[in-house]
Amino acid sequence: LLFTVCILFVSCSSDTVKILKGAYSFNQKQYSHAISMFNDVNETSTKEKNKDVQDYSLYDLGTVYAVLDENQAALEKYSQIKEGASERVQFSSFYNAGVIYHKTGDYDTAVEYFKKALEIDSTSLEAKINLELSIAQAEVDAKNNQSDVLPAQEEQSDSQDLEKEVESPAPSFAISNLTSSQSG
């Protein structure tokens, strides 16, 4: 099977083999091994200035980190993927970043990333659904934030009234059916 896949890649470089091994490990839920393989490929491709392979390794690393709920690490890897990457890598990176931002309650940023993903692939039903869910949640949060803010008074009689703030944050709502693409 590995040989057949390598034939499709025209040349079966060691980086290609490591990406395939990392993808296999990812699918087997052997995340530490997958990270090791993808990190090796990232280091090699950086030294050899092979941007295409580097973009794939960064995407794969980000995806493993996202599955492990290491959101900052995942977002860092996705952000390192440059504009010249393949459309599939760019789309998937933007989409997965949108999922992470939605899950962490940053709905406005999630909206931005789902829009970026849809600029690349406007046919993605999952990205459209998640964009709508994020927009709706951002609106709910905005309404909740507005109700928490007290109106300013023009005249304040004593120093206690100079600063009236609502201390409690707006409640966050989780959308349990948020779709996410996970690939390795």
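Use the structure listed above.
Here's what I pulled together on the structure shown here. None of the values given here were measured: they were computed from a predicted structure. (Residues numbered from 1 in each chain as written. Predicted model: local features only at pLDDT ≥ 70, side-chain atom pairs only at ≥ 80, totals over all residues. Heavy atoms only, no water.)

**Description of the overall build of the protein chain**
Stage number 1. A tally of regular secondary structure across the protein chain gives eight helices and zero strands.
Stage number 2. Listed N to C, the secondary structure of the protein chain is α-α-α-α-α-α-α-α in terms of helices and strands.
Stage number 3. For the protein chain, with 184 residues in total, the buried portion stands at 36%.
Stage number 4. The long-range fraction of contacts in the protein chain, counting pairs at least 24 apart against all pairs at least 6 apart in sequence, stands at 51%.
Stage number 5. A total accessible area of about 11600 Å² is found for the protein chain, and carbon and sulfur atoms account for 51% of it. (Helix = DSSP H or I, 4+ residues; strand = E, 2+ residues; numbered from the N terminus. Buried < 20%, exposed > 50% of the residue type's maximum accessible area, 1.4 Å probe, protein only. Contact = heavy atoms within 4.5 Å. Areas by Shrake-Rupley, 256 points an atom, 1.4 Å probe, with all protein chains shown as cover.)

**Comments concerning the nonpolar core**
Stage number 1. Judged by nonpolar contacts, the single largest core of 30 residues is most densely connected at Val64, Tyr78, Ile81, Tyr95, Ala97, Tyr101 and Phe114.
Stage number 2. If you list the elements that add at least two residues to this core, you get helix H3 (31-47), helix H4 (51-67), helix H5 (71-79), helix H6 (87-103), helix H7 (107-120) and helix H8 (125-148).
Stage number 3. Ranked by residues supplied to this core, first place goes to H6 with seven residues.
Stage number 4. Apart from residues no more than four positions distant in its own chain, valine 64 is found in contact with Phe26, Tyr31, Ala34, Ile35 and Phe38. (Core = buried A, V, L, I, M, F, W, Y, C linked by side-chain atoms within 4.5 Å.)

**A few points about the pattern of salt bridges**
Stage number 1. Counted according to the given criterion, the structure contains three salt bridges.
Stage number 2. The salt bridge partner of aspartate 55 is lysine 51, with a shortest N-O separation of 2.9 Å. Pair noted here: aspartate 55 and lysine 51 are both in helix H4, with a separation of four residues, about one helical turn. (Salt bridge = Lys/Arg side-chain N within 4 Å of Asp/Glu carboxyl O.)

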